[in-house]
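# Examining the three-dimensional arrangement
If you want the building blocks of each chain, they are given just below.
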Amino acid sequence: MSALLDSFAQQYAALPEPLRAAGGLAESRSKALAAALRDDLPAARAERWRYFPLRPMAQRVFRAATGASVDAALLSDIPAPRLVFVNGWCDRSLSDLSGLAEGVRVESLGRLLHQAHPRDVAWLGRIFAEADETFARLNAALAVEGAVIQLEENVQQTTPVHLVSIGASEAGDAAWHLRHLIELRHGASLSVIEHQLAADAHAHFDNTLCHVHLKPGAVLRHVRQQNASEHASLLYRTDAVLAAGAEYRRVDLELGAAVSRHECNASLQGEAASMISGGAMLADGKRLLDTRLQLEHIALDTRCDLRWRGLATERAKLSFFGGIHIRQGADGTDAQLSNRNLLLADTAEVNTQPVLVIDADEVKAAHGATVGQLDAQALFYLQSRGIPKPDARALLMQAFLIEVLDVLDDADLTASLAPVLSAIKSY
Amino acid sequence: MLPIISSPHSGSVPHPCDPLKTPTMLKIENLHVRAGERDILKGLSLTLEPGKLHAIMGPNGAGKSTLGHVLAGREGYEVTAGTVEFNGQNLLTMEPEERAAAGVFLAFQYPVEIPGVNNTYFLRTALNAQRKARGEEELDAIQFLKLVRQKLQVLSLKEELLHRAVNSGFSGGEKKRNEIFQMAVLEPKLAILDETDSGLDIDALKAVADGVNAQRSPERAFLVITHYQRLLDYIVPDVVHVLADGRIVESGGPELALQLESHGYAWVKERLSPEIA
């Protein structure tokens, strides 16, 4: 067994018995761990893990995170309602859940497990059947914290809910496994902004799994702003299920971490469900970003529009996989995928792979992937107006990435996020 | 016969004003420029004083746009001989942004679309970068907006233009107007208009010409590059130069443009061919 899995097995053994058994999950947790240990880490040649540095990761050892205290000033720009996690533990003193509309429930998973109504946490018992779902299985075995957000029918939460996960140094390298659930009933709407931040430099491991359930007509805008410590390793998996007419607008801004893998699986199960997603991936230094999207079009007239932009420089590596599967019977599907990348240094690397599989007859589908340089004409145009070259380069890079925010179709949200991308320096 | 003010080899155009009273702003001497394997400019000379508007006309491929690009500092051109002085400075060793700060402005033949960069933000960044380079105070958002509104009014442009991304999705006419608008805000000393009339219908052409005329002043010089005489009906030049095969082969008054229009450029080529041979 790898050192990594061994350290997770020890974490499991150290989980207090009442916590492990809370909500009637003892059996599913132990089975998930057993499956992870049995199948081990994905093989080096496993297609879905091709670009992830499994081998160096296998040598790492992480302790269970014990939590840390962080300066509240770190949260000065993040308004309520907000739920804050520090090293994977919910911090009530930093959280502020004022401003929630009636019919909106935002709770920490830890508290739900403590209350232990099996019905409330049954979704945690999901089984991950594929042999390469090692980290999802580890999450299933070990996650005891996370955010549970539920909206009743037709409830409109007008101010965004912020989920904040802060990494802070503690003795040794720590690991935590967060499990989120965002569930919107019929016709409900919500914006969620996740922030993955660093209080200071550390090399922790964050393995987060997020379930998104959108009932008919629900609308979710979901932003993840990943600004983790430059030595941290992150895994973030989203599993989304969309019912008829549901709309999921999602933006991921990958700006930090040493290694960040994002896997997003969306299942468009109801007629006319739509997923519109965009991402800005900034790979600099020695960062490795690995993004994998997998869309399943199952019902009639479903739509996806995926607009992902990457920027790779220095010694960084960027990989993008965009998979769209239009299943038999999903006629009327409209699927668009575009992945554009700027490769700004010979020492950097970009891998992009759009894959369309179409098993239906009447569909509209298009995909495109490009890897290029900054537009020399645009650069000259800006310079000719008096903007110094480094500033002109930075402006073009920011503009290139900022366009992904359009997928949110919300001027206020876009305006609040634009400064994050405008802060990108010139390379 | 066409009136010949200067011979093709005499270099600069003699100016009627006393050179001591009107110092030269732009002085191009014997400029040779190569792009790739091709010699494009082959000994171009020209002088331009503040307050003057010179038109450069010529057949396709004569080197008109190259001249504009070289003056603005675009990469990809090799100056193999000659000098360009702008208010006494060697223009050719300056970066494009330094030229802009010194007061050179090029209105592009094909303005570049820059999605994701807001027009207002772009212009304010540009103006403040120039002001900073000149050691002037930068304008805050309110001061800038005031300036911009005033310029919009002069050019009768819609404010909506400001909120869009630079040239992105603009019509041909809107792009050219946006160039003239940028010129109005940046207030250059030397404005080079590279085929600003190309692709414009008559209304857009008039609007662009009005914008240019509104900005003519005793301190500002213009170099208007055009293929057609049409633009010069609305923007009346002080001097018209004919550029062919990389050199200025004729210079004259506004009437030269009219004669070119009726005779075409064929005669220029005829005149040139013995020399080339």
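Scroll up to find the structure this text is about.
Read on for a plain summary of the structure. (Residues numbered from 1 in each chain as written. Chains lettered and ligands numbered in written order. Predicted model: local features only at pLDDT ≥ 70, side-chain atom pairs only at ≥ 80, totals over all residues.)

## Thoughts on the overall build of chain B
Along chain B, the regular secondary structure elements total nine helices and 12 strands. For chain B, restricting intrachain contacts to residue pairs at least 6 apart in sequence, the fraction spanning at least 24 positions comes to 73%. (Helix = DSSP H or I, 4+ residues; strand = E, 2+ residues; numbered from the N terminus. Contact = placed C-beta atoms within 7 Å.)

## Some remarks on the overall build of chain A
Across its full length, chain A carries 10 helices and 21 strands. For chain A, the C-alpha radius of gyration of 21 Å lies close to 22 Å, the compact-globule estimate for 427 residues. With the principal axes as the frame, chain A shows a C-alpha extent of 65 × 50 × 45 Å. Taken across its 427 residues, chain A has 52% of its residues classed as buried. Summarising the internal contacts of chain A: among those between residues at least 6 apart in sequence, 83% fall at separations of at least 24. (Rg over C-alpha atoms; globule rule 2.2 N^0.38 Å. Buried ≥ 20, exposed ≤ 12 C-beta atoms within 10 Å, placed from the backbone.)

## Brief notes about the interface of chain A and chain B
Across the contact, 17 residues belong to chain A and 22 residues belong to chain B. Contributing elements (two or more residues each) for the side of chain A that touches chain B: helix H8 (376-384) and helix H9 (389-402) of chain A. Its residues assigned to classes, the side of chain A that touches chain B comprises nine nonpolar, four polar and four charged. (Nonpolar A, V, L, I, M, F, W, Y, C, P; charged D, E, K, R; others polar.)

## Thoughts on the pairing of strand E3 (residues 53-57) of chain B
Residues and elements named next belong to chain B. Taking burial as the measure, the five residues of E3 include five buried ones, the bulk of the element. Side chains Leu53, Ala55 and Met57 project from E3 onto one buried face, and the interleaved His54 and Ile56 project onto a second face that is buried too. Where E3 meets strand E10 (residues 221-226), five bridges bridge the pair, whose relative direction is parallel. Counted as the bridge partner of Met57 is Thr226 from E10. Looking at chain direction, E3 and strand E11 (residues 239-244) are connected through four bridges and run parallel. (Pairing = 2+ DSSP bridges.)

## As for the sheet that holds E10(B)
All names here are of chain B. Spatially, E6-E9-E10-E3-E11-E12 is the arrangement adopted by the six strands of the open sheet, whose pairing is mixed. Each end of this open sheet is capped by a strand with a single partner; those strands are strand E6 (104-107) and strand E12 (247-252). On average, each strand axis in the sheet is tilted by 20° relative to the strand beside it, whichever way the strands run. Here strand E9 (residues 190-194) runs beside E10; their pairing, made up of five bridges, is parallel. The partner of Leu193 across the bridge, within E10, is Val224. (Axes fitted to C-alpha atoms, helices over the stretch in contact; angles between N-to-C directions.)

## Some words on H8(A)
Of all nine residues in H8(A), seven are buried, a share of seventy percent or more. When H8(A) is considered as a whole, its buried residues turn out to be A:Ala378, A:Leu379, A:Phe380, A:Tyr381, A:Leu382, A:Gln383 and A:Ser384. Residues of H8(A) that are buried in the fold lie against H9 of chain A together with helix H1 (64-72), helix H2 (96-102), E6 and strand E7 (114-118) of chain B. Looking one or two residues beyond H8(A), the residue adopting positive phi is A:Gly386, at roughly 110°.

## Describing unusual backbone geometry
Backbone geometry follows two general trends: most residues other than glycine have a negative phi, and most peptide bonds adopt the trans configuration. Residue A:Pro81 is bonded to the preceding A:Ala80 through a cis peptide linkage, with omega at -5°. With respect to the element layout, A:Pro81 can be found in the loop between strand E1 (63-64) and strand E2 (82-86).

## A word on helix H3 (residues 26-39) of chain A
For H3(A), built from 14 residues, the straight-helix expectation of 20 Å at 1.5 Å per residue is met to within 8% by its first-to-last C-alpha distance of 20 Å. Tucked inside the fold, the buried residues of H3(A) contact helix H1 (3-14), helix H2 (17-21) and helix H7 (134-142) of chain A. (Expected span 1.5 Å × (residues − 1).)

## Looking at the sheet that holds strand E5 (residues 89-90) of chain B
Residues and elements named next belong to chain B. Spatially, E2-E1-E4-E5 is the arrangement adopted by the four strands of the open sheet, whose pairing is antiparallel. Each edge of the sheet is formed by a strand with only one pairing partner; in this case those strands are strand E2 (38-48) and E5. Looking at chain direction, strand E4 (residues 78-86) and E5 are connected through two bridges and run antiparallel. Each bridged residue has a counterpart across the sheet, and for Glu85 the counterpart in E5 is Asn90. Across the face of the sheet, H1 comes into contact with strand E1 (26-35), E2 and E4 while running at roughly 70° to E2.

## Some details on the packing of helix H4 (residues 141-155) of chain B against helix H5 (residues 172-186) of chain B
Residues and elements named next belong to chain B. Two elements in contact, H4 and H5, have axes whose closest approach is 10 Å; the angle formed by their N-to-C orientations is 130°. Regarding the angle of H4 to H5, the classification is oblique. Seen from above, H4 lies across H5 with right-handed handedness. For the pair formed by H4 and H5, the contact residues are Leu147, Val148, Lys151, Val154 and Leu155 on the first element and Ile180, Phe181, Ala184 and Val185 on the second. (Parallel < 35°, antiparallel > 145°, perpendicular 65-115°, else oblique. Left-handed = near helix turned anticlockwise from the far one by under 90°.)

## Overview of the nonpolar core
One finds A:Leu242, A:Leu311, B:Phe105, B:Leu190 and B:Ile192 to be the most contacted residues of the largest nonpolar core, which totals 208 residues. The element that contributes the greatest number of residues to this core is H9(A), accounting for eight residues. Apart from residues lying up to four places away in sequence, B:Leu190 is in contact with B:Met25, B:Leu26, B:Phe86, B:Gly103, B:Val104, B:Phe105, B:Ala221 and B:Leu223. (Core = buried A, V, L, I, M, F, W, Y, C linked by C-beta atoms within 7 Å.)

## Description of the environment of A:Leu395
The residue A:Leu395 is located in helix H9 in this model. A:Leu395 gets classed as buried once you count the C-beta atoms within 10 Å, which come to 24. Separated by 29 residues in the primary sequence, A:Leu395 and A:Ile424 place their C-alpha atoms 8.7 Å from one another. Those residues in contact with A:Leu395 that sit more than four places away from it in its chain are A:Leu382, A:Ile387 and B:Val117.

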